Amino acid sequence: EEPVYRYASPVSATTGSATDTQTNAKVVDGKIYVNNGFWDTYRATWPAYALFSPARAGELVDGFVQHYKEGGWIARWSSPGYADLMTGTSSDVAFADVYVKGVRGFDAAAAYDAAVKNATVRPNLSGVGRKGIESSTFLGYTSTSLGYGLSWAMAGYLNDFGLSNMASALAANPSDPRHQEYVENAEYFRERALGYVNLFDPAVQFFQGRSAQGVFSKSPAAYDPRVWGYDYTETNGWNTAFDAPFDGEGLANLYGGRARLGEKLDQFFATPETASLGGSYGGVIHEMVEARDVRMGQLGMSNQPSFHIPYMYNHAGQPSKTQEKVRDALARLWIGSDIGQGYLGDEDNGATSAWQLFSALGIYPLRVGSAEYTIGSPLFTRAVVHLENGNDLIINAPNNSPKNIYVRALRINGQAHTKTSVPHALLTAGATLDFDMSPTPTTWGTGADDAPTSLTPPGLIPRPLSDTAVGSEASTSDGTSPNALFDNTSTTSAKFTAENPVLDYHYATEPRKVT
């Protein structure tokens, strides 16, 4: 007999008083899932669910979508209800990643609607939605008027990337009544994802916060990317310098091209973390000590903001350095002398386990929110993954060793493969990856077209859509002040007195008027 699921809701209002034996929570029919810190899990844990346990992944997503159906929002951090912790609505990109990889078994339209709400609606509770959305929609970034505004903004761009891809996937059915909505939103959120360029300060060559007036947080003389906190949640400027893994080409061009991106990464790994620049934290937090003890420059490998950085060399056209850094991490950072050791920091809801598991197989979900993995360096001579669909993913590297860590060649299903990325569908269809390993760096994967996919075409700097209604004049036919319509916040409004009012906007820099 099938069980009848009911739960005491953590996201609905309570009624009356609770006793030692009786809850005052609303009791709801159905199944809900709780206790997930999406800031911790979206980069690796949810992609691992999608690859290794897709049926359970769909069930989990549906259980979290229940938060939206019942409480109006998906928890930003579920513990078990809405908790005001960390930055970003990272269930957006986590669930988009699952969907674009073909996972089903959940209400995809509701998951999408919840993500759109996160991305567009000012939250009415502190523990849900994107803080600062009332102004960031117009500015193109979350300003420093909000604590950790830069971190909120950078998380938003990544989540918009995933949302765009999910909208594209939903638009694949032309008979869906919402088809055109999905098509248009895919374009809109793709443009918004490129907004990371708005927070790149060319004077310091790092990302940092900006005021609503466009002024960066620190002058070049005062800026130190090693300092923790302020603009950066649980990290610093160095570990945010590569925070656009979905658009490595655009990021590289901000720095002056792929070679310059490689140089920036070299400098990152050559600059030691000292655990002495606590910044706004007012002292040393455990993530700083862990980053120091990793002994890989600034890399805070125990914490999620650093997870993707070793793989960013692939975007720079230097995959041998990705291979070297990944194998160094695998060789030293998941090793313990006693039972219970083997983690370099918090396990974080499966996050550090998922990073190790993917990297040991020689693949990693660098562009989370897309159906693509990037190639690293497998840890074993042979690994076989029995996928849930009955197919096998086989990774062979017969001459692999602690010294033979570089990829000389890769064949997938017998065909030469030089790209440093591989589609999810190719792996889940049943695939054999044959690696030929080398003790010295090679030229494999260094071709002009071998880098992972990016939003930005080669050689270009991203140019996202921007608000053009700035610094000009507006007038109304009934004399109503239009200022509230152009003040870069959705918290104000204007009420017209005429039945059919007319609003004219006159551009100061060109002979153009919008009515």
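Scroll up a little and you will see the structure.
Residues numbered from 1 in each chain as written. Predicted model: local features only at pLDDT ≥ 70, side-chain atom pairs only at ≥ 80, totals over all residues. Heavy atoms only, no water.

Draft legend 1. Representation of the nonpolar core within the structure. Tyr196, Phe207, Phe242 and Trp355 are the most contacted members of the largest nonpolar core, which totals 112 residues. Ranked by the residues each element gives to this core, the list is headed by helix 7 (residues 149-170), at ten residues. In this structure, Phe242 is in contact with Leu251, Leu261, Lys264, Leu265, Phe268, His308, Ile309 and Met312, ignoring residues within four places of it in sequence. Grouped together as the second largest cluster of nonpolar side chains are five residues, Trp228, Ile285, Met288 and Ala291 included. (Core = buried A, V, L, I, M, F, W, Y, C linked by side-chain atoms within 4.5 Å. Buried < 20%, exposed > 50% of the residue type's maximum accessible area, 1.4 Å probe, protein only. Helix = DSSP H or I, 4+ residues; strand = E, 2+ residues; numbered from the N terminus. Contact = heavy atoms within 4.5 Å.)

Draft legend 2. Spotlight on helix 11 (residues 258-270). In this model, helix 11 (13 residues) spans 18 Å end to end at C-alpha, consistent with the 18 Å of a helix rising 1.5 Å per residue. What helix 11 keeps buried is the set Leu261, Gly262, Lys264, Leu265, Phe268 and Phe269. Viewed end-on, helix 11 has its buried residues packed into an arc of 160°, placing them on one side of the element. For helix 11, the elements touching its buried residues are strand 6 (206-207), helix 9 (237-240), helix 10 (248-255) and helix 13 (319-332). (Expected span 1.5 Å × (residues − 1). Arc of directions from axis to C-beta.)

Draft legend 3. Layout of empty space enclosed by the protein. Under the defined criterion, the tally for this structure stands at two cavities of 30 Å³ or more. Empty space within the largest cavity amounts to approximately 210 Å³. Forming the walls of the largest cavity are 17 residues, and the residues nearest its centre are Trp39, Arg43, Ser151, Asp243 and Pro305. Contributions of two or more residues to the lining of the largest cavity are made by helix 7 and helix 9. (1 Å grid on protein atoms, 1.4 Å probe; cavity = no way out; pocket = protein on both sides within 12 Å on 5 of 7 lines; lining within 4 Å. Points joined across faces, edges and corners; volume = space filled by probe spheres on them.)

Draft legend 4. Geometry of unusual backbone geometry. Here the amide bond leading from Ser79 into Pro80 is cis, since omega sits at -15°, within 30 degrees of zero. Following the sequence through the fold, Pro80 ends up in the loop between strand 4 (77-78) and helix 4 (91-100). Even without being a glycine, Met86 presents a positive backbone phi close to 60°. Examined against the element boundaries, Met86 turns out to sit in the loop between strand 4 and helix 4.

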